[in-house]
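# Chains, contacts and geometry: an overview
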Amino acid sequence: MATMIYTLVLVFFVVNVSYFGKVACDNSALGASFIFGDSLVDAGNNNYLSTLSKANIQPNGIDFKASGGSPTGRYTNGRTIGDIVGEELGQPNYALPFLSPNITGKALLHGVNYASGGGGILNATGRIFVNRLGMDVQIDYFSITRKQFDKLLGASQARDYIMKKSIFSITIGANDFLNNYLLPVLSIGARISESPDGFIDDMLSHFKDQLTRLYKMDARKFVIGNVGPIGCIPYQKTINQLNENECVGLANKLAVQYNGRLKDLLAELNDNLPGATFVLANVYDMVLDLITNYDKYGFTTSSKACCGNGGQFAGIIPCGPTSTLCKDRSKHVFWDPYHPSEAANLIIAKKLMDGDKNIITPVNLRQLRDL
């Protein structure tokens, strides 16, 4: 359930510490990764919530080597995009979930993950799951971590390191459409009372405030992904009884409309927040290419979920112990009805690291790190 592949906003707080309380200055050796977002990058926060959106059940995590194939709360068969980008940037450990009891003291320096399956920009998003951490709450939690860093490194050194060595990436927004505005039955009233323009205005107003809050806590390097082609996921294809090469037009239209406005917002913030760099990751085009030209990337399908049940594309019931499981997980773009496989995550993450301006602009993640 929860979110999906699309709005990529990984938050990376890249910290390298040579010993407790002393920070190294080598840009090429990165430590902690601080991740905000939805189920695309959730590493287990929802394990600690009373929520209907959980992934700490088999066969989720079957290819996650760090856990020996046991489920960790990641909504995929292996690593998330956040995990892979952290590895590429030189992070020695995966960021631990903020709600994990192990995230204390020196463990903070390896990174913190605030992401939550079902979370969105708007606080009402994901209410169907009962509990989830929306973006406002995730930033509240980061403010706690921010104070802990002052204690660990000293106020001056912590501020300098956050401003100069940190990358905040944010992966959020898809749920605001899928599990809010477009939610079957429950959202009909909202759609009647609020136009798509009005809903997107509301999203971007909240998102601007959220990004500004992070800036006020010394965030300076941001990478923000737009919303992907949410009308093309197995869940949407299944419930709308589409053919393999069809997508839901309204869902994709809303994503495109939001993405155009997001681009303008980030340009505005670049102009108005001194010292900040806001990078836009073009997730929509990147993922649409992966779905359309799946065979070019070595996949055999971009329509059918590897793990799921229901309909032609196994797109209704989320992945769990009773789900049908595909034979070759590396050949499916989608792991479950909503989320990409590790194989797809790997392709997306590598493009974010080293892609050109058609994919990520004005700089890619490797270049952003070195600014």
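The rules behind the values
Residues numbered from 1 in each chain as written. Predicted model: local features only at pLDDT ≥ 70, side-chain atom pairs only at ≥ 80, totals over all residues. Heavy atoms only, no water. Core = buried A, V, L, I, M, F, W, Y, C linked by side-chain atoms within 4.5 Å. Buried < 20%, exposed > 50% of the residue type's maximum accessible area, 1.4 Å probe, protein only. Contact = heavy atoms within 4.5 Å. Disulfide = S-S within 2.5 Å. Helix = DSSP H or I, 4+ residues; strand = E, 2+ residues; numbered from the N terminus. Arc of directions from axis to C-beta. Salt bridge = Lys/Arg side-chain N within 4 Å of Asp/Glu carboxyl O. Axes fitted to C-alpha atoms, helices over the stretch in contact; angles between N-to-C directions. Left-handed = near helix turned anticlockwise from the far one by under 90°. Nonpolar A, V, L, I, M, F, W, Y, C, P; charged D, E, K, R; others polar.

Before going further, it helps to spend a moment on the nonpolar core. In terms of nonpolar packing, the biggest core is built from 90 residues, with F177, F207, L214, F222 and Y258 touching the most fellow members. If sequence neighbours within four positions are ignored, F222 has contacts with F168, I170, L211, L214, Y215, T277, F278, V279 and L368. Core analysis: the second largest hydrophobic core is formed by 5 residues, C307, C319, C326 and W335 among them.

What follows is about the state of the cysteines. Tallying each qualifying case throughout the model produces 3 disulfides. Here C306 pairs with C326 through a disulfide, and the sulfurs are 2.0 Å apart. Negative torsions about the S-S bond denote left-handed disulfides, and the value of about -80° found for C306 with C326 makes this one left-handed. On the criterion of sequence distance, the pair formed by C306 in the loop between α9 (283-292) and β9 (307-308) and C326 in the loop between β10 (324-325) and α10 (342-354) is long-range, its members being 20 residues apart. The burial state of C306 is the same as that of C326; both residues are buried. The disulfide bridge from C307 ends at C319, spanning 2.0 Å between sulfur atoms.

So, about helix α3 (residues 155-165). Within the sequence span of α3, burial applies to A158, Y161 and I162. Buried residues of α3, seen end-on, are gathered within an arc of 100° and therefore sit on one face of the element. Exposed residues pointing more than 90 degrees away from the buried face of α3 are listed as S156 and K164.

A few words on the pattern of salt bridges. For the structure on display, the rule yields 17 salt bridges. The salt bridge partner of D83 is R74, with a shortest N-O separation of 2.7 Å. Residues D83 and R74 agree in their burial class; the two are buried. Across the salt bridge formed by E87 and R79, the nearest N and O atoms sit 2.6 Å from each other. By relative accessible area, E87 is classed as partly exposed at 33%. A network of salt bridges, in which partner residues are shared, links E88, K350, D354 and R366.

Remark: helix α6 (residues 196-216) packs on helix α8 (residues 249-272), axes separated minimally by 10 Å, with the N-to-C direction vectors making an angle of 35°. α8 is crossed by α6, and the crossing has right-handed handedness. Contacts between α6 and α8 pair P196, D197, I200, D201, M203, L204, F207, K208, L211 and T212 from the former with L254, Q257, Y258, R261, L262, L265, L266, E268 and L269 from the latter. Of the residues in the contact of α6 with α8, the class split is 12 nonpolar, 2 polar and 5 charged.

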